[in-house]
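Geometric and topological summary
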Amino acid sequence: MYIHRTNSALIGQDDSFLNKGKWPFETTREDQYPLLLHFHPMKIYQKQVLKQADLILAMVLQSERFSDEEKQVNYDYYEPLTTHDSSLSPATHAIIAAELGRMEQAVSFFYYTARTDLDDYHHNVKDGVHTAAMAGSWLTIVYGFAGLRIKNGELHFQPRLPDKWTGYQFRITFQGRIIEVQTTTSGTNFTLIQGNSIQLFSDGNPIQL
């Protein structure tokens, strides 16, 4: 997939995005969102505005291909341009926000994701639930707060506990193993529930299970 890198850490959403003017958010009424329901696509595509930042998603799925500086610069640039009209968007931003240490933003995006249907944020629960947002809630905890990444076929974690949380716990399957991760105010414990011994990493430190 083509990534439109520039001479700086800022990456173009596509090869023309950074040459466009920004969407007039200050004059867009709240009842005009989602934009696609109120403005012609050709008008939207002429401006710097996104319903979800696909570049931020690329930084989640292909984390090692982007530097820490690129993640920080592009998160700061694209988040204000993103309307989050897509239910997939908040979870993606939550994961990168957590990786960057922006825990207040990460938690805010997490709750938005978890409560998408409970609070009917998109005013369309009558048409069905947002199962992707449900999965996004889980991904935010595992990839966001626990910092799971797979590097060279090995598990790497960077656990963080949001303020006012007492802990979180989950299990994952990996290469025929079941591993439990539990983070509390006392730290993080990894338990091999099933399968052969494995080495994983937490904050760069090797742990043998």
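Residues numbered from 1 in each chain as written. Predicted model: local features only at pLDDT ≥ 70, side-chain atom pairs only at ≥ 80, totals over all residues. Heavy atoms only, no water.

Running from N to C, helix H5 (residues 103-114) and helix H6 (residues 131-145) point in directions that differ by 155 degrees, and their axes come no closer than 8 Å. In terms of axis orientation, H5 runs roughly antiparallel to H6. Taken as a pair, H5 and H6 cross one another with a handedness that is left-handed. Residue-level contacts link Met103, Ala106, Val107, Phe110, Thr113 and Ala114 of H5 to Ala133, Gly136, Ser137, Thr140, Ile141 and Phe145 of H6. (Axes fitted to C-alpha atoms, helices over the stretch in contact; angles between N-to-C directions. Helix = DSSP H or I, 4+ residues; strand = E, 2+ residues; numbered from the N terminus. Parallel < 35°, antiparallel > 145°, perpendicular 65-115°, else oblique. Left-handed = near helix turned anticlockwise from the far one by under 90°. Contact = heavy atoms within 4.5 Å.)

Attention now goes to the packing of aromatic side chains. Tallied over the entire structure, the rule returns 11 aromatic pairs. Measuring from centroid to centroid gives 5.0 Å for tryptophan 23 and phenylalanine 39, while their planes differ by 85 degrees, and the two rings are edge-to-face. With a gap of 16 residues between them, tryptophan 23 in the loop between strand E3 (21-22) and helix H1 (41-44) and phenylalanine 39 in the loop between E3 and H1 connect regions that are remote in the sequence. Taken as a pair, tryptophan 23 and phenylalanine 39 share a single burial class, namely buried. Three or more aromatic residues joined by ring pairs form one cluster here, namely Phe110, Tyr111, Phe145 and Trp165. (Phe/Tyr/Trp six-rings, centres within 6.5 Å; stacked < 30°, edge-to-face > 60°. Buried < 20%, exposed > 50% of the residue type's maximum accessible area, 1.4 Å probe, protein only.)

Counting 42 residues, the largest nonpolar core has Phe145, Leu155, Phe157, Phe170, Ile172 and Ile179 as its most contacted members. Of all the elements in the fold, those that place two or more residues in this core are helix H2 (54-61), helix H3 (68-78), helix H4 (89-99), H5, H6, strand E6 (154-157), strand E7 (167-174) and strand E8 (177-184). Discounting residues that sit within four places of it in the chain, leucine 155 has contacts with Leu148, Arg149, Ile150, Ile172, Phe174, Ile179, Leu200 and Phe201. (Core = buried A, V, L, I, M, F, W, Y, C linked by side-chain atoms within 4.5 Å.)

Note that all results are geometric; they support no functional claim without further evidence.
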